[in-house]
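Here is how the chains run, residue by residue.
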Amino acid sequence: MRSRSNSGVRLDYYQRIVHRLILAHQEPVTGLFPASNVNSHAWIRDNVYCILAVWGLSMAYKKIADQDEDRAKCYELEQSCVKLMRGLLMAMMNQKDKVEKFKTTQSPCDSLHAKYSSKNGLPVVGDNEWGHLQIDAVSLYLLILAQMTASGLQIVFSLDEVSFIQNLVFYIESAYSIPDYGIWERGDKTNHGEPELNASSIGMAKAALEAMNELDLFGARGGPASVIHVLADEAHKCQAVLQSMLPRESNSKELDSGLLCVIGFPAFAADDAQLIHNTKDAILSRLQGKYGCKRFLRDGYRTPKEDPSRLYYERWELRMFENIECEWPLFFCYLILFHAFQNDKRSVQDYADRLEKIMVRSDDGILLIPESYAVPMDLVGFEYEKPGSQLREVVGRCPFLWGQSLFILGRLLQEGFLAVGELDPLNRRLGAQKKPDVVVQVVIIAEDNEIRDKLAEHDLHVQTIAEVAPIEVQPARVLSHLYTYLGRNRKLGLTGRKSRDVGILSTSKLYSLKDRIFAFTPQFVDLSRFYIASDNELMIDILKGEINFLKSAWDLLGRPLVTLVLKRIHLDQDKIPLAMIQTMRKLKSGYINGTRVMLGSLKDFLNTSAITDLSFLGSTEDGYPDRLHPDVQTYLDEHLLRSFSNRNTMNLRGGQLRPRHLRRRMSCKGAIKKTRSINVDSDNLGMEGPSPLTERRLSSIVPPPWLHPNQQSHVSVFATTPEEGPSSPPHLGGELIRENIYPIDPHHSRSAIDRRSEFVRQQEITVPKILIQRHRADNNFADTEVEELIAMLRETENLEEQGDILQYLVDTQGLDFNTGMLEEGRVVTVRDLLKGLYEKACQQKLWGLVRHTAGMLGKRVEDLAKAVTDLLVRQKQVTVGMPPNNEHTITAPLPEGELRQLIHDAYGDDESTAMLTQELMVYLAMFIRTEPQLFHEMLRLRVGLIIQVMAKELSRTLNCGGEAASEHLLNLSPFEMKNLLYHILSGKEFAVSSVARGNLSIVSCKSSRVSKKSQIGLGDPEGEDALIATIDDRQGQWLRRRRLDGALNRVPRDFYSRVWTVLEKCQGLAIEGRILQQSLTQEMTPGELKFALEVETALNQIPQPEYRQLVVEALMVLTLVTEHNMVASLGDIICVEHLVHKANQLFLEDQRKVQGDATLCCAKLKDGKEQQQAASGMLLCGGAAYICQHLYDSAPSGSYGTMTYMSRAVALVLDCVPKHGEMECAIS
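Thresholds, definitions, all that
- Residues numbered from 1 in each chain as written.
- Predicted model: local features only at pLDDT ≥ 70, side-chain atom pairs only at ≥ 80, totals over all residues.
- Heavy atoms only, no water.
- Pairing = 2+ DSSP bridges.
- Helix = DSSP H or I, 4+ residues; strand = E, 2+ residues; numbered from the N terminus.
- Axes fitted to C-alpha atoms, helices over the stretch in contact; angles between N-to-C directions.
- Contact = heavy atoms within 4.5 Å.
- Phe/Tyr/Trp six-rings, centres within 6.5 Å; stacked < 30°, edge-to-face > 60°.
- Buried < 20%, exposed > 50% of the residue type's maximum accessible area, 1.4 Å probe, protein only.
- Lys NZ or Arg CZ within 6 Å of the ring centre and 35° of its normal.
- Salt bridge = Lys/Arg side-chain N within 4 Å of Asp/Glu carboxyl O.
- Polar contact = N/O pair within 3.5 Å; in protein donor to acceptor, adjacent residues only side chain to side chain.
- Core = buried A, V, L, I, M, F, W, Y, C linked by side-chain atoms within 4.5 Å.

J.: Even after reading the chapter, I still don't get the sheet that holds strand β14 (residues 510–513), so can you show me in this structure?
T.: The strand order across the open sheet built from four strands is β11-β15-β14-β19, with neighbouring strands paired in mixed fashion. For this open sheet the edge positions go to β11 (471–474) and β19 (611–613), each flanked by a neighbour on one side alone. Across the sheet, the mean angle from the axis of one strand to that of its neighbour is 30°, orientation sign disregarded. In terms of strand pairing, β14 meets β19 through three bridges, oriented parallel. If you follow Ser 512 over to β19, its bridge partner there is Asp 613. Of the strands in this sheet, β11, β14 and β15 (516–520) touch helix α17 (residues 476–483), which is tilted by about 120° from β15.

J.: Teacher, can you tell me more about the packing of aromatic side chains here?
T.: Both the distance between ring centres and the angle between the ring planes are used here to describe each pair of aromatic rings. Taken as a whole and judged by the stated rule, the model has 25 aromatic pairs. Aromatic side chains Trp 184 and Trp 328 sit 5.9 Å apart centroid to centroid with 40° between the ring planes, which places their arrangement in the tilted category. Residue Trp 184 is found in the loop between α6 (159–173) and α7 (199–212), and its partner Trp 328 is found in the loop between β4 (292–293) and α11 (330–341); the two are separated by 144 residues along the sequence. For the residue pair Trp 184 and Trp 328, the accessibility class agrees, reading buried in each case. Through pairs of rings, three or more aromatic residues link up here, namely Tyr 49, Trp 184, Tyr 301, Trp 328, Phe 331, Tyr 334, Phe 400 and Trp 402. Lying across the ring of Phe 157, Arg 86 places its NZ or CZ 3.7 Å from the centre.

J.: Would you take a moment to explain the sheet that holds strand β26 (residues 940–942) for this structure?
T.: Whenever strands of a sheet pair, they do so through backbone hydrogen bonds, lying parallel or antiparallel. The sheet built from three strands is open, its strands ordered β25-β24-β26 with mixed pairing. Of all the strands in the sheet, just β25 (888–890) and β26 have a single pairing partner and so form its edges. Averaged over all pairs of adjacent strands, the angle between strand axes in this sheet comes to 25°, irrespective of strand direction. With three bridges connecting them, strand β24 (residues 877–880) and β26 associate as parallel partners. In the strand pairing of β26, Val 878 is matched with Leu 941. Against the sheet, helix α33 (residues 943–958) engages β24 and β26, with an angle of about 50° to β26.

J.: Is there a simple way to think about the pattern of salt bridges in this case?
T.: Oppositely charged side chains can form a pair if their charged atoms are brought close together. One pass over the full model with this rule turns up 67 salt bridges. In this structure, Glu 210 and Arg 428 form a salt bridge, with 3.1 Å as the shortest nitrogen-oxygen distance. Within this pair, whereas Glu 210 is found in helix α7, its partner Arg 428 is found in the loop between α15 (420–423) and β9 (439–446), the two being separated by 218 residues in sequence. Under the relative-accessibility criterion, Glu 210 is labelled partly exposed at 27%. One network of salt bridges, with partners in common, ties together Glu 173, Glu 234, Lys 237, Arg 497, Asp 501 and Lys 866.

J.: What is the right way to read the side chain of Lys 115 from this model?
T.: By secondary structure assignment, the location of Lys 115 is in strand β2 (residues 115–117). Separated by 3.1 Å, the side chains of Lys 115 and His 41 make a polar contact.

J.: Could you clarify how one ought to interpret the environment of Leu 1076 in this entry?
T.: Mapped onto the secondary structure, Leu 1076 falls in strand β32 (residues 1074–1077). Leu 1076 gets classed as buried once you look at its relative accessible area, which sits at 4%. For Leu 1076 and Glu 1094, which are 18 residues apart along the polypeptide, the C-alpha to C-alpha distance reads 7.8 Å. Other than its neighbours up to four places away in sequence, Leu 1076 contacts Leu 1063, Gly 1068, Leu 1069, Ile 1071, Glu 1094, Val 1095 and Ala 1098.

J.: For this particular structure, what's the right way to read the nonpolar core?
T.: Nonpolar side chains tend to gather and get buried jointly when the protein is soluble and globular. With 148 residues, the main nonpolar core has Tyr 141, Leu 145, Met 212, Leu 217 and Leu 406 as its most contacted residues. Aside from chain neighbours lying at most four places away, what touches Tyr 141 is Ile 44, Val 48, Met 85, Leu 88, Leu 89 and Met 92. Core analysis: the next-biggest nonpolar cluster, separate from the first, contains 126 residues, Leu 566, Leu 864, Leu 871 and Ile 928 among them.

Below is the structure:
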């Protein structure tokens, strides 16, 4: 026998170690590894990590296998890997019912177990007795399964197993929105069993989804049936959320060493090199010690201060664990692998040396990795004084197989037995490298020849749907239906994909099915979905956004392909809208918003696009894999006929004009308007209780007994009919009442209120008579009235009037009331009439009416739940409703129905605002996906406040009263609404110009000349832009900015962690009656999201946004006091508002001295009348919370700036600041 080469001898040494330390523990029956000699439980995560060393060693043998015995060793090692991976697969397949259930419930009780018995693979603890929901463990299993399969191992044997693994993909695909217990099985770090969103789980799931995509589980021997399919959008959502979270791990753990496995081997989940660098640096600077890294800050596990008799920690005791957390050598193994993949030999050597010092030698000389190192009980005091100074002792298992396995991999890489590419056959490590620019291909198809010819007039040549054959064009919903057949398996009881969502990445591919090719239009153009789809400008805006998104997110083979169909519905008065023509010309030019595009026809792009095979639609289970599944066949046959046909809308015309009904027409007038609740005129933005000075809904004045308290009353209808009403001409009455309920005068003249109370008295007289008539059986007053109304409905051309009549019918009769009309032999209900009106309003672009009818029909944005989830998973909470009484906070993803109900409850009967809220949530979600920087330093998005600020901004820009402004707001087209929201989020100045048909358009003020003045052109009927008024806007600039920042809850950088340092030095901070106790610093670390939310909640008690912003500034001044270590302690509870009011006093004193602007209002010398006014709570200048308007409008810096007054106030109010003597004073 030939002598062995050196490398062979060295490998044999590793083989002995692997055998003795790892394989000797593998259970012969199941192939699983028990946790230790005394604990037979087998954890999925630990088992997968344990086998990695065996897999690495098998590949090292494969390279030198020139001798039979080496080939045999290689095969034995490979089979140990297959045995373990199949053992885990069998254990999970025994719980297939859980996988099926979890797809719909996503409940921790329905999750796969995190550990099984190593003896027989059965469950070892109950569903509720352990934090089983650990998405990172299942994801790690799938990731390593993919890598091993790609390296040539065959782990999956049958198509049933393939179906199960396809369902495991569905199990993890929503990881970005599922709170779990995470890599340390704890959830929230107090260990009370509350799951939370963990970046390490999301990153691992993203890696698994990408690794599994289009992977053939039978390796080179497989066919189309053994391929796993992943919807690219799901992986991308995980990617986006991961990016928004790093380097944070979760709400309670601001940093976690477990993230090393996400940014490096094995997941390589982060694509942004800078983010990887920042995360690693944060871990090294805050968690690394001599003996390894701490898992996370204040981790009490196995520390001498931990009480081993109970599972959970009290919140206050977490502070005890600071600086004495256990250090885990495991993370040095991760760091060695991290740097080996970066090819950074110096760092690899550095960590290898550190690791050698802390490893334990066994009796036979093998180096072992211990689980963790703790500070001995008697040295804890010294360690507190000087962290990192004391010697630590080993606690836990030794060898710790998870760490030992990674250590051996590291050694194999260091000694050159393995190349990094062999541990990563799918090349995940290259994800962070710069990719070439993506070219987005766009195809525009005309619905019919007529539209094609119209486009040709503009020199745009396209094909019709008929001409692109044999390629078939379908809406996205067809694709989402086809995907529900993926992973179905009758024997295992698995029903395929549950989610109905297909994103732009999935519709930008072509799909082949037998000999047919399909192209799908994107989901956002599906008209059946929601009214914003009928605003062409908004659709174009979304299209530009999606093209931009494809540029950054596309990473598949081939180029993305966006297919759009131009239909009849898109035409505006039989013309193609100008905005569409302009966009198509831009697309034709080859660039749009900085993205390269190509406009062409489908057949040109066949060779350059990504094509996916829909082979899973065959009847494999029935033994006919080449035949389409019968259900799919019928679905496609039906659908191909119907997919692009339009429904006709209902016709309300007919019936001759009968003048005697004109009387009643007045009586419904304004029915819709009375439901509105946006409040602009009051100074605190509608945050106070009902008072006679603010506009409130009529229902709060006189609830008629026969109406449910939560429906609005339309008593006015009865009040103006001559039989019972006051003796005034009917039409005048209608007008009068409309004005009374909504005093347009922003200053609410006394007479308006008098008239209103008189109006209420009239109601009291008239209501009872009606009631009697209502309940007398022989009188069919109601019926005659309804008939008259329906006749009117037929006569009137005006959609607004139809809306008012239908609103009244809904309130009195309900949506399902039979109107007595017939359409094609069917009974027509009020709901049908509303639907017809809604569709007409969409066509005629009457957006106020569209929003209202959509609300009455109970329509909801189809993507509402998704939009809210998009905001929540990026750590933004959302509130709906008008503060402070009706504000509801959404902190966890909710199903569509519950969300719709919550929004409905928050706004009562105000359908328009409820609809607007849903719409704004969708826009906020679009912005957070495309421009996350707009949301920096904002934790809660308060949609109710944002609506009020939008109305307030319109009223400021248009110089009109509150009611007019909220009318304008509700009538903005969806595109302009999104535009206005953008300007408010970004704080940019804007002007309003008018477009034809009275629609407003929001324009950015680019030049400084414009931004000083606000341009208002509300066009006269001819539509010419007349400049009505120009206002000097310099005054009020800071007030506006504070109001916007306050309403958006925006705070300075690192604000919350700086408040933490203030809290550490005083007994507490009082804000608007809420006290933040010093004990919060015991429970939470400075960077913890839970702490930020506590501070936020206290600040949200303040109703007025601009006042809230001054309180934030006062807190910032306090942080400067603590950061410059001026004093050791700030003393007792600090009342932050006292500081603001003191600053206001000082400001007014200075104003009197220099005769400033404020001498006209608050700095006036008081006489009797003034004092009376101050006592009634009204400041002359209208400043909120008794603070002078002029202080709100002062810049922060400068000798008369707010910061100066705040600093002086701090010096005067706090006892701890020395009153006499010299002191270094520098305000940065």
